[in-house]
Structure formats: C-alpha cells, structure tokens
Amino acid sequence: PCPRSHPRTCMKCGQGTAALVIRVGDPFCRGCFREYFVHKFRAMLGKNRVIFPGEKVLLAVSGGPASSAMVRQVQEGLSREAAKRLRFVPGLVYVEALLPVPCPIPSPTPCPVTHSQHSIPCTVPGPGCCHPAQQGHGTPCCPPGPKNEAGNATAALALSPCLPEGAVRRQSPEQREQTLAQMETLLQATGFPYHLIHLEEALELPPSILQPGPERSGTSGPSGPSYKEAVDSFIQQQRQDGDSGTSLPAHSTQDTPAGPPATPRLPDAAQTQELLRGFEAAGTATAREELLQMLRTHLIVQTARDRGYAKVMMGESLTRVAIKLLTNLSLGRGAFLAVDTGFTDRRHGDVMVVRPMRDYTAKEIAFYNRFFSVPTVIVPPLFTKVGRVPCIHQLVERFLLGLQEEFPSTISTVYRTGEKLSPEPAKASSESQRCLLCLCGLDTDGGEWGGQWGAR
C-alpha cells in the first residue's frame, strides 16, 4: 500500500491546509480557493468591460454545475458585503427541454394484432395502444412498457409515438413536472426575476429571430458610448435619484415572481407532438443535438428581446468551450469558432451573448459547488438514453476527457488555441450571405481551392 501523504500547505496564504489541488503545483485551502474563484469571475467581467452599470442582463440557467456557479457569483457580486459590487440588473431564464419518453420497443417489432411492423416505438402499451386503430382493443400491441410513479404508462398523454430513441431529453409527465418544480424553487430562491420557457414555444417564435436585431444605442461600439461614459452616466443618475449607489433599478413587476412556486403547467399535447415530429426529421443524433441547441439559443435571445435585456450570460466552462471548439471544427464550422466559443458573441445584433465562466475548468466548478453548497438540478443530456451510435458531441467529449486523464494540459491547450481565432470570418457581407439558422456569414467562398473544385 502507498504511504499516507503529508498534508500540503496552501500556496496562497502559506498557512492553511490545502483542501484541493487545482493543478499539480496549485494547492488551495478553502478560503483562498473561494477568493481565487470570485476574483477570476470579476476579472473576466472587468477585463472585457462589455456589461454596463444599470444594464439588464439575462442569465441562462440549465441547472447544471457551471450555470449554477455563475448565478452564485452574480448573487455574491450584488450583495452589500461585496467589496466591488456588480452594477447590472440580473434576470434568469430556464429553457425546459424534457419531453415524454417512449417505451424502448425496437422498431421492427410486429404488432400481434395487425401483424404490421411499427416504424417507431409504441408509447402506450396494452389496451391503450398508441395507434388510433387499436385503441380499446383487448390484445396489447406491444409488451408492457415502463411505468411512472402513479403506475400509469409513461406516455399517458396519448402523444404520437413518432420519435426514435434519443431524439430529445425524455421524461414521463410526472418526472417532467417534478424537474420543473425543482428548477422553479431553485430560481425563486435567488430573488431574481426568472422566466420558465418550454422548448415547445420555439414553434411560435417570430420570423425576426432569423435576423440580427438593430444594435441598441446604449451598447459599446462605434456608435455607442464607451464604458467610462456609461459609468459616469450611471453615477450621475444615481445622484440625481438621491441614491448613494447602494441599490439597483427595481425589477419590473411582471418579471418578479410572487409567493411560492405554483405547479408547473406543461405545454399542450399538440405542441409537444409537433415538436417531436421536428426532432424525428433530424435523422442523426448529431443533428438532433444541434437542433436542440439552436432552438434553445433562439428562445433565450427572443426572451431577452421581449423583456428588454441587452446581454445574455451563458454558463459554458473552459472544459465545455474546448469540447465545443473541437466539435464545431468536426462539424465544418471552423470559420465561426471565435463567435461560438469566444467571450462575446455579437451575431444577434441587439442582444450580446457573453461567457463569463469560460476560464473555469469543470474541476474548479465542481469543487466550488461542493465546498459552498451551490444547489444544482441535474438533467440527463440528450444522448444518455441512446444505446446505438453516439453523436459527434459525445465522441469529442470522450476523446478530450480521455486525453485529459493522461495529459492534464490537453483541455487548456485546446482552449488557448481558440483564443487566437478572429471573429471576422463569421461576419456576413449582406443579408443574402447570412445563414438563417446560426446568423453567421455563409462559408461559401473556398478561395483558391474552392474555385478549383467548383464551390458555389
């Protein structure tokens, strides 16, 4: 057996016993690690200076470790005890993407009643067969499927079972309501205004979501004020209001929840059914993951526009950014890596997306949440229920994390490489040269090689 190692001393204070080792030579005690974690978040915002005082900022929360740690940093930064308080007005948004789960019956299983093969899994076993022609028939068309806590079939909503395995994150209606209730309790505990958005609402998005909005007059840029001018204006406004600068503009009443969280209301079955058909049309797991992320981004941006938020904070960590960088490179999005993984993403025009957690590794976030009891709500990712071919996102993640175990600098090296990329290739020269889905410029100019091979 290995001899017991001696406790290491904190590298920062030199007195406390190290509670964790971030890297090989960086042991930290709990107190110093907390200061290090908070300072990194403030330094990221202070170095870039894109969030102005008094500005409304929407925090995209998924319930996972990174976004939950981001919310905690904003909470502490806005508290009166903070040495250098944050001066923006936060709001939270959660996009719920939990849809009914079909029973795992292989698609070629023939129905013993009609002797015809189901092209898709059946969602309601027994007499409640999902096929309208067999409803009420005494002979079940498929074996008994999984049951929920109430003992009913998991797809008791009688939705069309037109979804192959792994199309979306799937839970029973009861599990879906339970997850929503947990998320609403977590969001309400922050004291910030919050918005619960269902993925089905993407079906009602206006056509304007496919175009960049007009840039706001109060944002930084060639026509907007500088950060210093915005700070001076904020201080002057605080003095005129008779405020010493210890408070922020009040939240609007329509955004602020009142009382205990009510029972979450699920979307209509017809909307869910239509959304499932859209995911069914995406033939691969990779396409479904891309579709899910695109719809989620569009919903968050539209919520920010409707509620008057100028910025959106995403909780993507350094580890997630590195995985996303290689994933997008594998998907042919190399020209857009700077906007997909950089600190700022200005492609939407009136709403800027920022990633303040991109300097934190997944290990740092996990230890912070563990040490300081940051609540999280874990939702299974898209591909956990898939027993077949995984998506590219999963393959790249396994590849990078496997290398990280043997070579601890792998993820940080990939991350630093992405820092050198320019966002210029993602800009569109005209509206006709802009992709309707990601709003980046069409990568159709292949240069010398493109001309030779006839790229159009």
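Notes on the structure follow. (Residues numbered from 1 in each chain as written. Predicted model: local features only at pLDDT ≥ 70, side-chain atom pairs only at ≥ 80, totals over all residues. Heavy atoms only, no water.)

1. Quick look at the overall build of the chain
Definition in use: Secondary structure elements follow DSSP: runs of H or I no shorter than four residues count as helices, runs of E no shorter than two count as strands, and numbering proceeds from the N terminus. Only protein chains enter the accessibility calculation, which uses a 1.4 Å probe; a residue is then buried when its area is under 20% of its type maximum, exposed when over 50%, and partly exposed in between. We call two residues in contact when some of their heavy atoms are within 4.5 Å. In these tables, accessible area is a Shrake-Rupley quantity obtained with a 1.4 Å probe, and a residue counts as shielded only by the protein chains included in the view.
Secondary structure summary: the chain contains twelve helices and ten strands in total. Here the chain, with 456 residues, has 46% of them falling under the buried criterion. Residue pairs in contact within the chain that sit at least 24 positions apart in sequence constitute 72% of those at least 6 positions apart. Accessible surface, the chain as shown: approximately 23,100 Å² in total, 55% of it carbon and sulfur.

2. A closer look at the sheet that holds strand β8 (residues 311-313)
What counts, and what does not: Note on pairing: two strands pair once DSSP finds at least 2 bridges between them.
The six strands are arranged β7-β4-β3-β8-β10-β9 in an open sheet whose pairing can be described as mixed. In this open sheet, the two edge strands, each paired with only one partner strand, are β7 (194-198) and β9 (344-345). Sheet topology places strand β3 (residues 56-60) next to β8; three bridges connect them, and they run parallel. Considered in β8, the bridge of Leu58 is made with Val312.

3. Side note on the environment of Val61
With respect to the helices and strands, the residue Val61 is situated in the loop between β3 and α2 (65-78). With sequence-adjacent residues up to four places away left out, Val61 is seen in contact with Ser67, Val71, Leu92, Val93, Tyr94, Val95, Met183, Leu187 and Arg296.

4. Comments concerning the packing of aromatic side chains
To keep things clear, this is the line we draw: Centres within 6.5 Å are what make two rings of Phe, Tyr or Trp a pair, Trp counting through its six-membered ring; a difference in plane orientation under 30 degrees is then read as stacked, over 60 as edge-to-face, and the rest as tilted. Our definition puts a charge over a ring when NZ of Lys or CZ of Arg is within 6 Å of the ring centre and also within 35 degrees of the ring normal.
Counted according to the given criterion, the structure contains nine aromatic pairs. Ring centres 4.1 Å apart and planes at 10 degrees place the aromatic pair Phe37 and Tyr368 in the stacked group. Here Phe37, found in helix α1 (residues 30-48), pairs with Tyr368, found in helix α9 (residues 362-371); they are 331 residues apart in sequence, far enough to count as distant. Summarising the burial analysis for this pair, Phe37 and Tyr368 share the class buried. Taken together, the ring pairs connect Phe28, Phe33, Tyr36, Phe37, Tyr360, Phe367, Tyr368, Phe371 and Phe372 into an aromatic cluster. Seen from the ring of Tyr309, Lys56 lies directly overhead, with NZ or CZ sitting 4.5 Å from the centre. One cation-aromatic arrangement involves Lys311 over Phe52; the distance from NZ or CZ to the ring centre is 5.6 Å.

5. Thoughts on the nonpolar core
Stated formally: Nine residue types can take part in a nonpolar core, namely buried Ala, Val, Leu, Ile, Met, Phe, Trp, Tyr and Cys, and a core is a set of them joined through side-chain atoms within 4.5 Å. Here the bounds of each domain stem from an automatic or database domain assignment.
With 45 residues, the main nonpolar core has Phe33 and Met313 as its most contacted residues. Elements with a minimum of two residues in this core: α1, β3, α2, β4 (89-96), α3 (173-189), β10 (352-354) and α9. Ranked by residues supplied to this core, first place goes to α1 with seven residues. Counting residues domain by domain, this core receives three or more from each of domain 1 (1-49) and domain 2 (50-101 + 162-216 + 265-442). When near neighbours in sequence (up to four residues on either side) are disregarded, Met313 contacts Leu45, Ile51, Val57, Leu58, Leu59, Ala60, Met70, Val74, Phe88, Val354 and Pro356. Ranked by size, the runner-up nonpolar core spans 24 residues in total, among them Ile209, Leu292, Tyr309 and Met314.

6. Notes on the side chain of Arg355
Inspection of the secondary structure assignment puts Arg355 in the loop between β10 and α9. For Arg355, a relative accessible area of 3% gives the class buried. Dropping the residues within four chain positions of it, Arg355 is found in contact with Met314, Glu316, Lys324, Val339, Asp340, Thr341, Gly342, Phe343 and Asp345.

7. Considerations on the packing of α1 against α9
How we decide: Angles shown run from 0 to 180 degrees and are taken between the N-to-C directions of axes, each axis being a line fitted to C-alpha atoms and, for helices, limited to the stretch in contact. These descriptions rest on fixed angle ranges, namely under 35 degrees for roughly parallel, over 145 for roughly antiparallel, 65 to 115 for roughly perpendicular, and the rest for oblique. By the definition used in this description, the sense in which the near helix is turned from the far one sets the handedness, with an anticlockwise turn below a right angle giving left-handed and a clockwise turn giving right-handed. The residue classification treats Ala, Val, Leu, Ile, Met, Phe, Trp, Tyr, Cys and Pro as nonpolar and Asp, Glu, Lys and Arg as charged. All others, Gly included, are polar.
One can describe the packing of α1 onto α9 by two numbers: an axis separation of 11 Å at closest approach and a directional angle of 120 degrees. The pairing of α1 with α9 is recorded here as oblique in orientation. For the element pair α1 and α9, the recorded crossing hand is left-handed. Side by side, α1 and α9 meet where Arg30, Phe33, Arg34, Tyr36, Phe37 and Lys40 of the first sit next to Glu364, Ile365, Phe367, Tyr368 and Phe371 of the second. Residue composition of the contact of α1 with α9, by class: seven nonpolar, no polar and four charged.

8. Observations regarding the pattern of salt bridges
Keep this limit in mind: Counted as salt bridges are all cases of a side-chain nitrogen of Lys or Arg within 4 Å of a carboxyl oxygen of Asp or Glu.
As enumerated under the stated definition, the model contains 15 salt bridges in all. A salt bridge links Arg176 to Glu96; its shortest N-O distance comes to 2.4 Å. Note that Arg176 is positioned in helix α3 and Glu96 in strand β4, a separation of 80 residues in sequence. Taken as a pair, Arg176 and Glu96 share a single burial class, namely buried. Its salt-bridge partner being Arg333, residue Asp340 comes within 2.9 Å of it at the nearest N-O pair. Each of the two residues, Asp340 as well as Arg333, counts as buried. Three or more residues are tied together by salt bridges with common partners; here these are Glu316, Lys324, Arg333, Asp340, Asp345, Arg347 and Arg355.

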